[in-house]
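Descriptive structure summary
Here is how the chains run, residue by residue.
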Amino acid sequence: MITEALLDRCARGDAKAQYALYRLLHPAMMAICTRYERDRQNAASTMNQGLLKIFTNLGKRPTDVPFDPWARRIMINTVIDRFRREKNTIVERILAGDV
């Protein structure tokens with residue numbers, strides 16, 4: 001279970017607490033990523049990017065916002081950002097005549 005004490009330890013940089021949080025978040029965050037990304041390797045890469053954002057911004061999380069919806073929103077935004085980057089790359093390749 002994710003507790004405020006665990007989140008506080010993660011925000012202070014406790015590696016064991018971060019690993020525990022990673023293990024707790026992994027199934028739900030991977031489910032979000034695989035829902036939008038069919039390739040499992042790309043989904044895992046996106047999930048790791050999102051988890052890095054979650055760990056980096058843990059100290060900035062508003063205390064009145066529950067952790068689960070906050071983390072899910074970051075993960076969904078990370079997936080959307082990846083799609084935007086890929087879309088722009090494909091358009092640039094088409095315009096350059098590489099495709």
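Quick look at the structure, then. This one's a predicted model, so the numbers in the text were calculated from it and none came from an experiment.

On the secondary structure map, Met30 appears in helix H2 (residues 15-36). A C-alpha to C-alpha distance of 6.8 Å links Met30 and Ala44, two positions 14 residues apart in sequence. With residues near it in sequence (within four places) discarded, Met30 still touches Arg40, Ala43, Ala44 and Met47.

The next point concerns the pattern of salt bridges. Scanning the entire structure with this criterion turns up five salt bridges. Of the charged contacts in the structure, one is a salt bridge between Lys53 and Asp81, with a shortest N-O distance of 3.5 Å. In this pair, Lys53 sits in helix H3 (residues 40-56) while Asp81 sits in helix H4 (residues 67-96), placing the two residues 28 residues apart along the sequence. With a closest N to O distance of 3.1 Å, Glu86 and Arg82 form a salt bridge. Of the two residues, Glu86 and Arg82 both sit in helix H4, four residues apart, roughly one turn of that helix. Note on Arg82: relative accessible area 13%, which makes it buried. When salt bridges that share partners are traced, they join Lys53, Asp81 and Arg84 into one network.

The rules behind the values
Every chain is numbered independently, its residues counted from 1 as its sequence is written. The predicted origin of the model limits local features to residues at a pLDDT of at least 70 and limits the giving and counting of side-chain atom pairs to 80 or more, whereas totals for whole chains, interfaces and linings rest on all residues. Note: side-chain values were computed over all heavy atoms of the structure, leaving out hydrogens and water. In DSSP terms, a helix is any run of H or I states spanning at least four residues, a strand is any run of E spanning at least two, and both are numbered starting from the N terminus. Contact between two residues is taken to exist if any of their heavy atoms lie within 4.5 Å; hydrogens are not considered. When a carboxyl oxygen of Asp or Glu lies within 4 Å of a side-chain nitrogen of Lys or Arg, that pair is called a salt bridge. Relative accessibility under 20% of the residue-type maximum defines a buried residue, over 50% an exposed one, and the middle range a partly exposed one, all with a 1.4 Å probe and only protein chains included.

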